[in-house]
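Per-entry structural report
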Amino acid sequence: MSIAETMIPPQAPPPAPPKPYTLSRFFGSVFLGVWLALGVGIFLTIANGWDPEKFSRYGPSFLSGLGVTLTLVVSSILMGAVLSFPVALGRMSKNRLWSWLAYAYVYFFRGTPLITQLFLVYYGLGSFRPQLESIGLWWFFRDAWNCALFTFTLNTAAYQAEILRGAIQSVSRGQHEAAAALGLPERVAFFKIILPQAMIVALRPYGNEIILMIKGSAIVAIVTVFDLMGETRRAFSRTFDYQMYVWAAVLYLFMVELLRNIWAWLEARLTRHLKR
Amino acid sequence: MSGVFAAIYSGLAWIGSIVDPLCGPIGVFRWFASGTLFACGDTGWGDEIAYGFLVTASLAIATLPVGLVIGFFIALGKQSEEKSLRLAGNIYTTIFRGLPELLTLFIVYYGLQILVQQFLATLGYEGPIEINAFVAGMIALGVVFSAYCSEVLLSAFKAIPQGQYEAGDALGFHRGQTMRLIVLPQLIRIALPGLGNLWMALLKDTALVSVVGLPDILRQTGIAARVTKQAFQFFGVACILFLILAMISSVLFSALERSTKRAEMSR
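How each quantity is defined
Residues numbered from 1 in each chain as written. Chains lettered and ligands numbered in written order. Predicted model: local features only at pLDDT ≥ 70, side-chain atom pairs only at ≥ 80, totals over all residues. Helix = DSSP H or I, 4+ residues; strand = E, 2+ residues; numbered from the N terminus. Rg over C-alpha atoms; globule rule 2.2 N^0.38 Å. Buried ≥ 20, exposed ≤ 12 C-beta atoms within 10 Å, placed from the backbone. Contact = placed C-beta atoms within 7 Å. Nonpolar A, V, L, I, M, F, W, Y, C, P; charged D, E, K, R; others polar. Core = buried A, V, L, I, M, F, W, Y, C linked by C-beta atoms within 7 Å. Expected span 1.5 Å × (residues − 1). Axes fitted to C-alpha atoms, helices over the stretch in contact; angles between N-to-C directions. Parallel < 35°, antiparallel > 145°, perpendicular 65-115°, else oblique. Left-handed = near helix turned anticlockwise from the far one by under 90°.

Looking now at the overall build of chain A. When you go through chain A residue by residue, the secondary structure sums to eleven helices and zero strands. For chain A, the α and β elements follow one another from N to C terminus as α-α-α-α-α-α-α-α-α-α-α. Relative to the compact-globule value of 19 Å for 276 residues, chain A shows a C-alpha radius of gyration of 28 Å, a clear excess of over 25%. For the C-alpha atoms alone, the extent of chain A along its principal axes is close to 115 × 70 × 30 Å.

Encoded structure:
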């Protein structure tokens, strides 16, 4: 019988086996290379074609276009939010007529392209000029900006009504029953118990809807509103410089990414009591 | 070669003219709109609008497989263990989900034009070049569709438990077989509702391609509206046609969903 007198000295762990060079690694490097080349190429074309005169002439108009886009999106989202309340209530109503009307409204605005709706309002309502003049609304629908605002509000109201309805219906029945058991009037129960919980569910779809509106608002350029896209088109038609579209793309991407990050932060912040 | 294409095209055109739901032998416009602005033939705009309907539907149908295939591979890339592949996929999605569809379309349309022009200039051809609006629309919409599609498929991939892959290994399948026989059928079932929504969005986005001159529903009705000064009527018909397309596809998708779910236990 022998006794071990000395301990085995501590040793470093064996080296990790070398990672094999896999096919996915190859493809990853190739695609990253493609993106890098594209990025460098775009940067180089912009750097080479840099023209201070063009920048000073079209830079301010791009900024004003950005302002128009943001104003349009913010005001239509806000007005749509107001309008979406009765529509969502109509969708959930037990009255057949109301629920059918709200359903038809939502189906129409979600089933047809925004651009078709815009054309229907901007060009289509021009056919009713005498009638509109007689009720004194022609000044409103004569202007492309008003038509765009009107259409976008109606459109986003339909989407937001669906978001709101889904969120309200996702609040479990037990919450209603608990409120009733506490003897809360229905109004108080709705505003203090149901709606706050529904809003947390609705937060993410609302963010998506705003992003969709920012992207969708580009089509107002076709009906002669000079938003970011409209200014881009105007600048391109004067200079035939492809860079203009790259600048617009950068601005749109920046807006959307900024909003997405703000929304992610907001969601994390507002749902921190739900984390386990 | 072009003869073959011409033959295929004329054959398809003949079939199309038979089953045309608007101006065919059993078309709506032919039976209910003769004598109005929507009559078929030279007296009305029915046949032009019917052509636009066909173009819109075929653009959406032609874009779908392109977008699905690209989206599938990007989803594969985004769930890969390789960091660079994930990063490349995420860049793709970020860009094409963040850009307005109209801007993507313009970038593709004018970008292609410039690229082809430069390419032909190196070959010694200097002349005006027109890019086919259908092809440009297909590329732009396909790219946008694939970006969204990859997200839907990625979340569907995450819903499939690891055990399914292990089961494939246990049965001795290689990776392609596991994917095709085990993962894909479940993936389709899980992703179908999301893909249905994307299809609806695609259908609506095709209207944008009319801006670069594709004779789709919106462009044809727009021309008719300008000529006849009956804008409300014609754009109203455009809306109704898009609604009909949406209804048809929602019926088709619910049938598809039912057929993919027939294997599931009924509760």
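Next comes the rest of the description.
Our next topic: the overall build of chain B. The helix and strand inventory of chain B stands at ten helices and zero strands. From first element to last, N terminus to C terminus, chain B shows the α and β order α-α-α-α-α-α-α-α-α-α. Its C-alpha atoms give chain B principal-axis dimensions of roughly 70 × 60 × 40 Å. The buried share of chain B, taken over its 267 residues, is 37%. Counting contacts in chain B only where the partners sit at least 6 residues apart, residues at least 24 apart contribute 66% of the total.

Taken together, the 36 residues of chain B in the interface contact 35 residues of chain A. Counting residues per element, the ones that place at least two in the side of chain B that touches chain A are helix H4 (83–98), helix H5 (101–123), helix H9 (217–228) and helix H10 (231–260) of chain B. Per-element tally for the side of chain B that touches chain A: the top contributor is H10 of chain B, with nine residues. Classifying every residue of the side of chain B that touches chain A gives 26 nonpolar, seven polar and three charged.

For the rest of this paragraph, the subject is the nonpolar core. Grouped together as the largest cluster of nonpolar side chains are 99 residues, with contacts concentrated most on Ile115, Leu118 and Ile219 of chain A together with Leu102, Leu103, Leu105 and Ala238 of chain B. Leave out the neighbours within four places in its chain, and isoleucine 115 of chain A touches Ile219 and Ile222 of chain A together with Ala207, Leu208 and Leu218 of chain B. Counting 15 residues, the second largest nonpolar core, distinct from the first, contains Ala102, Val106, Phe109 and Ala157 of chain A.

This brings us to helix H11 (residues 243–270) of chain A. Given a rise of 1.5 Å per residue, 28 residues ought to cover 40 Å, and the 40 Å separating the end C-alpha atoms of H11 of chain A matches this to within 8%. Among all positions of H11 of chain A, only Gln243, Met244, Tyr245, Ala248, Ala249, Tyr252 and Val256 of chain A are buried. Close packing links the buried residues of H11 of chain A with helix H1 (23–48), helix H9 (186–216) and helix H10 (228–239) of chain A together with H4 and H5 of chain B.

All names here are of chain A. Of note, threonine 224 is a non-glycine position whose phi angle comes to about 65°, a positive value. Mapped onto the elements of the fold, threonine 224 is located in the loop between H9 and H10. One non-glycine residue, phenylalanine 240, lies in positive phi territory at about 50°. With respect to the helices and strands, phenylalanine 240 occurs in the loop between H10 and H11. What makes phenylalanine 240 exposed here is the crowd of 10 C-beta atoms within 10 Å.

On to the packing of helix H8 (residues 175–205) of chain B against H10 of chain B, then. All names here are of chain B. The geometry of H8 relative to H10 is characterised by a closest axis approach of 10 Å and an angle of 170° between their N-to-C directions. Relative to H10, the element H8 lies roughly antiparallel. Only Phe242, Leu245, Ala246, Ser249, Phe253, Leu256, Glu257 and Thr260 of H10 make contact with H8, whose side of the interface consists of Ile188, Arg189, Leu192, Pro193, Gly196, Trp199, Met200, Leu203 and Lys204.

All names here are of chain A. Looking at the secondary structure, you find leucine 164 in helix H7 (residues 144–170). Classification of leucine 164 as buried rests on a count of 26 C-beta atoms within 10 Å. Separated by 38 residues in sequence, leucine 164 and alanine 202 place their C-alpha atoms 6.6 Å apart. Apart from residues no more than four positions distant in its own chain, leucine 164 is found in contact with Ser84, Ala88 and Ala202.

Another point: the packing of H5 of chain B against helix H6 (residues 133–159) of chain B. All names here are of chain B. One can describe the packing of H5 onto H6 by two numbers: an axis separation of 9 Å at closest approach and a directional angle of 135°. With respect to each other, H5 and H6 are oriented oblique. Taken as a pair, H5 and H6 cross one another with a handedness that is right-handed. Note on element contacts: H6 touches H5 through Ala136, Gly137, Ile139, Ala140, Val143 and Val144, opposite Glu101, Thr104, Leu105, Val108, Tyr109 and Leu112. Here the residues of the contact of H5 with H6 sort into nine nonpolar, two polar and one charged.

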